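# Residue-level structure breakdown
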Amino acid sequence: MEVQLLVYDLSQGLARQMSMGLLGFQLEAIYHTSIQLNGREYVYDGNVVAIRPGSSHLGQPMQKLHLGITELPMDVIEEYLDSLREIYTVEVSPFSIAERVSTADDVQAYDLWRHNCNNFSNDFATFLLGKGIPDHITNMPQAVLDSPFGQMIMPALSQQIHANKRRGGILGIEQQTPGSSVKPQSQLHQPLGKVHNISNVTQLDELLERYEKSCTVIFFTSASCPPCKTLYPLYDELAAEIGEKGALIKVDTSQAFDIGSRYSISATPTFITFLKGQQENRWSGADPSALRGNIQLLVQMAWPPHPHQALNLPTFSNPNAQPVIFSKIPPLPKLLAKMGPTASDPAIQHLTSFLETRSSSGAGDVLPEAEQVELVAAVVEAIRTEEASREALK
């Protein structure tokens, strides 16, 4: 994958015109940089933000520098980005200060002069390619800070940056860019599921055995199958969705002849699903809807939801539900009349006496446990009797 450095000028040309008179040396731009990789632009703006390249309110970059080609897979890159997301933040929490003491950068949040977007781009590029971004970009803040004018404006700029941090960003890229994404802290170091590319029977058997108690899908494709390739993005998306709940496998029958022979594959694309170690379904054709529906159904069968989730109980589903407390005792004679013969039960009579005494004299002794049990049994029996009567009337 190609790695590009996107270079912006935050001064919109003013630095080139006025830097010599103000700073005493020529400054071509107030550099703001980001890394473009795999169709996304990664930038540090208080948080590590991913956007569509050139879609922020900063407009198009003044330069696109080709830094090199990386051979690292995206799952490895995402894992490294997770580690950067813990370092490149808006503010530093007390936990971070206490726990992350290995390097100076570990305890720094955004700092206009020493811990900024250019430092992020440099760290990211170094990981991807083994080399950083041009020195004149990373050294620019220190050069400005060393000048008399830089020393004079530093307090005002730092105050402005601190105010911007309170709004969650520095330049507002996350807030003002449609389609921007920031990975939540809860998802760090939780890599998404991926498609397993298998080339021999041994690898396949190992995966089938590993997911024997769950589910697996085998996608039989070939290099000469254009319809197969149209399903690749969807298959990758489904693998990310199900994560570790199952395994999505891809087999190129033009290379893995032994696997194709084992399952008698005569056409591609062909899909075979396995549930709890047994073959569950088999179909052919490049139908995205069928692929998504069959895989989602397979995962649901392997990981069925609890039966209680299907019950329509909005009152019990409300996590903020509070008990209904009556401040006054209802008219007991009317209540007893509605209970019918059950009202003459000793447990009910004892409870009635207890409530009347409590209402007139205040709190008294609690009901003995045995009598509470008898009361519950009496109420349950009354409910059963009422239900039986209703059934008889039907």
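A short tour of the structure in this document, coming up.

### Side note on the overall build of the chain
- For the chain, the helix and strand inventory stands at 16 helices and ten strands.
- Per-residue burial for the chain yields a buried fraction of 36% across its 394 residues.
- Accessible area for the chain stands at about 23,500 Å²; split by element, carbon and sulfur atoms hold 55% of it.

### What to know about the nonpolar core
- Ranked by internal contacts, the top residues of the largest apolar core, which has 28 residues, are Ile35, Leu37, Leu81, Phe120 and Phe124.
- Going through the elements one at a time, β1 (2-9), α1 (14-23), β2 (31-37), β3 (40-44), β4 (48-51), α2 (74-87), α4 (117-129) and α6 (140-145) are the ones with two or more residues in this core.
- Once residues lying within four places of it in the same chain are set aside, the contact partners of Phe124 are Ile35, Leu37, Tyr42, Ile77, Tyr80, Leu81 and Leu84.
- Counting residues in hydrophobic clusters, the runner-up holds 21 residues, among them Cys215, Leu231, Tyr235 and Leu275.

### A look at the side chain of Gln4
- Its place among the elements puts Gln4 in strand β1.
- Setting aside anything within four residues of it in sequence, one finds Gln4 in contact with Ser34, Ile35, Gln36, Lys64, Leu65, His66 and Leu67.

### Brief notes about the packing of aromatic side chains
- In the structure shown here, the tally under the stated rule is eleven aromatic pairs.
- When the ring of Tyr263 is compared with that of Phe274, the centres are 6.1 Å apart and the planes differ by 75°; the resulting orientation is edge-to-face. With Tyr263 in the loop between α11 (257-262) and β9 (270-275) and Phe274 in strand β9, this residue pair connects regions lying eleven residues apart in the sequence. In this structure, Tyr263 and Phe274 share a single accessibility class: buried.
- Ring centres 5.1 Å apart and planes at 20° place the aromatic pair Phe271 and Trp283 in the stacked group. Separated by twelve residues along the polypeptide, Phe271 in strand β9 and Trp283 in strand β10 (residues 278-284) bring together distant segments of the chain. This pair shows no difference in class: Phe271 is buried, exactly as Trp283 is.
- Pairwise contacts between aromatic rings join Phe219, Tyr232, Tyr235, Phe271 and Trp283 into one cluster.
- When the ring centre of Tyr232 is taken as reference, the NZ or CZ atom of Lys250 above it lies at 3.8 Å.

### Considering the pairing of strand β8 (residues 247-252)
- Of all six residues that make up β8, five are buried, and the element is covered over most of its length.
- Across four bridges, strand β6 (residues 195-198) lies against β8 in parallel orientation. Its bridge partner being in β8, Val195 is matched across the sheet by Leu248.
- By the bridge criterion, six bridges tie strand β7 (residues 215-221) to β8 in an arrangement that is parallel. Pairing of Val217 across the sheet is with Leu248, part of β8.
- Crossover handedness for the path β7 to helix α10 (residues 226-242) to β8: right-handed.

What counts, and where the lines are drawn
- Residues numbered from 1 in each chain as written.
- Predicted model: local features only at pLDDT ≥ 70, side-chain atom pairs only at ≥ 80, totals over all residues.
- Heavy atoms only, no water.
- Helix = DSSP H or I, 4+ residues; strand = E, 2+ residues; numbered from the N terminus.
- Buried < 20%, exposed > 50% of the residue type's maximum accessible area, 1.4 Å probe, protein only.
- Areas by Shrake-Rupley, 256 points an atom, 1.4 Å probe, with all protein chains shown as cover.
- Core = buried A, V, L, I, M, F, W, Y, C linked by side-chain atoms within 4.5 Å.
- Contact = heavy atoms within 4.5 Å.
- Phe/Tyr/Trp six-rings, centres within 6.5 Å; stacked < 30°, edge-to-face > 60°.
- Lys NZ or Arg CZ within 6 Å of the ring centre and 35° of its normal.
- Pairing = 2+ DSSP bridges.
- Right-handed = clockwise from strand over helix to strand, strands pointing away.

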